[in-house]
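Chain and residue survey
Residue strings, one per chain:
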Amino acid sequence: MPIVASEIQSLEEVQYKSKIKTFLWIILLFFLFVAAFLNFYPISDKLKTIVKTQFKGMPGCNPDFDQIRMEWVMPKIVISDLVLPARCLNRDGEPMKFSHVTLNYNLINFSPFGLPFRLDTEFSGQPISVYFVQGIGSQMIRLKDQNLVLSRFQSLLGNDFKFAGAVTVDMSLLMKDNRLAELSFKAASKDLQIPSQSIQGFTMPNLKLNELYVEANSANPPRVTVDKLILGDTDSPMRANFKGRIDLQEGAIGFSPLDLNGEVAFSETFKNQLPLIDMMFSSFAQKDGFYQIRLGGTLNSPKPAAP
């Protein structure tokens, strides 16, 4: 049945527009109230108290910062002069210092469902961007093609083992109830080096490995399946190719058991620099110039054995 002019007029007289205006005024007033509250309420001091309370059970872990402020242009939270003691990462040494940590809010995320943020900071001159989603009982961390200069992270790695070069990392990590639920990890480098250093009593020459490629996932957490671990190219003093699994130990990653199978080869120049190489690997079978090896032990202390 066709609509007549009088019916159209009656629709215009409905007062839904004023209701919408009232709703918008309520939203605007609420936003202004929250802005005023965050600008004038001593939120920084309150958050310091909350942070210190949360880390009270970890001896020596007492994070601190100068202040927290809100910025309303591209809404974000800025934490200035953050200091994170080494004990928060279960190690000794100097605290980690960040001149700023910026938490940018993004649109809502559906996989997992939660509030998404982008965390931007800088550590030892290295810019870092991390995507983070806080869900209900779950957290997702995402590093998307992040280019990292390894030497800038030496204070985190400790002085027992040194690296140089840059590595590009792509990682997606999902935690549920503080346990690993899903992991997808890729890392690649074209200029990886292991500088000359003393390792377990042996003085190693500078190893210009160049190539690095790692691909891993966790179809059965906390077990991590290493699909590819490739080191070196045809010009490198050492070449290696491994795959297998790592059983992650909660709270003690360095003690996670290894079970990797693969092969390793050394250039003649490297063998001349370290004559003990052939003696150390004499018990391993060779195939096309590669020693066939199984790596057991732990992440902190790998132990080669016959496959």
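Conventions and cut-offs
Residues numbered from 1 in each chain as written. Predicted model: local features only at pLDDT ≥ 70, side-chain atom pairs only at ≥ 80, totals over all residues. Heavy atoms only, no water. Helix = DSSP H or I, 4+ residues; strand = E, 2+ residues; numbered from the N terminus. Buried < 20%, exposed > 50% of the residue type's maximum accessible area, 1.4 Å probe, protein only. Contact = heavy atoms within 4.5 Å. Areas by Shrake-Rupley, 256 points an atom, 1.4 Å probe, with all protein chains shown as cover. Polar contact = N/O pair within 3.5 Å; in protein donor to acceptor, adjacent residues only side chain to side chain. Patch = residues over 30% accessible without salt bridge, like charges linked within 9 Å, V, L, I, M, F, W, Y side chains within 5 Å. Salt bridge = Lys/Arg side-chain N within 4 Å of Asp/Glu carboxyl O. Pairing = 2+ DSSP bridges. pLDDT = per-residue confidence, 0-100.

Moving on, we come to the overall build of the chain. Broken down by element type, the chain carries six helices and 18 strands. Residues classed as buried in the chain amount to 31% of the 307 residues present. Here the analysis covers contacts within the chain between residues at least 6 apart in sequence; of these, 39% occur between residues at least 24 apart. Carbon and sulfur atoms make up 60% of the accessible area of the chain, which amounts to about 19900 Å² in all.

All right, on to the environment of Leu148 then. Tracing the backbone through its elements, the reader meets Leu148 in strand β7 (residues 138-149). Taking relative accessible area as the criterion, Leu148 reaches 15% and is therefore assigned buried. C-alpha separation for the pair Leu148 and Gln126, spaced 22 residues apart in sequence, amounts to 7.1 Å.

Mapped onto the elements of the fold, Arg223 is located in strand β13 (residues 223-231). Leave out the neighbours within four places in its chain, and Arg223 touches Asn217, Ser218, Arg245, Ile246 and Asp247. Of the polar contacts made by the side chain of Arg223, one reaches the side chain of Asp247; its length is 2.7 Å.

The next thing to look at is a nonpolar patch on the surface. Taken together, the side chains of Phe202, Leu276, Met279 and Met280 present a nonpolar region at the surface, about 400 Å² in accessible area. Note on placement: Met280 falls in helix α6 (residues 276-280).

Attention shifts here to the pattern of salt bridges. Scanning all chains against the criterion turns up eight salt bridges. In this structure, Asp120 engages Arg118 in a salt bridge whose closest nitrogen and oxygen atoms are separated by 2.8 Å. On the basis of relative accessibility, which here comes to 26%, the residue Arg118 falls in the partly exposed class. Residues joined in a network through salt bridges with shared partners are Arg245, Asp259 and Arg294.

The sheet contact formed by strand β2 (residues 76-84) and strand β3 (residues 96-105) spans eight bridges and is antiparallel. Along β3, the bridge assignment pairs Ser80 with His100. Note: β3 against strand β5 (residues 113-123), five bridges, orientation antiparallel. Its bridge partner lying in β5, Asn104 is registered against Arg118.

Mean pLDDT over the chain stands at 80; residues scoring 70 or higher make up 77%. Throughout residues 1-17 the model reports pLDDT below 50, and contacts reaching past four residues in sequence, or to other chains, amount to three contacts.

This brings us to the pairing of β13. Judged from the seven bridges that link them, strand β12 (residues 207-220) and β13 form a sheet pairing that is antiparallel. Its bridge partner being in β13, Asn220 is matched across the sheet by Arg223. Taken together, β12 and the strand that follows it, β13, pair antiparallel across an intervening segment of two residues. Direction of pairing for β13 relative to strand β14 (residues 238-247): antiparallel, over a ladder of seven bridges. Along β14, the bridge assignment pairs Leu229 with Phe242.

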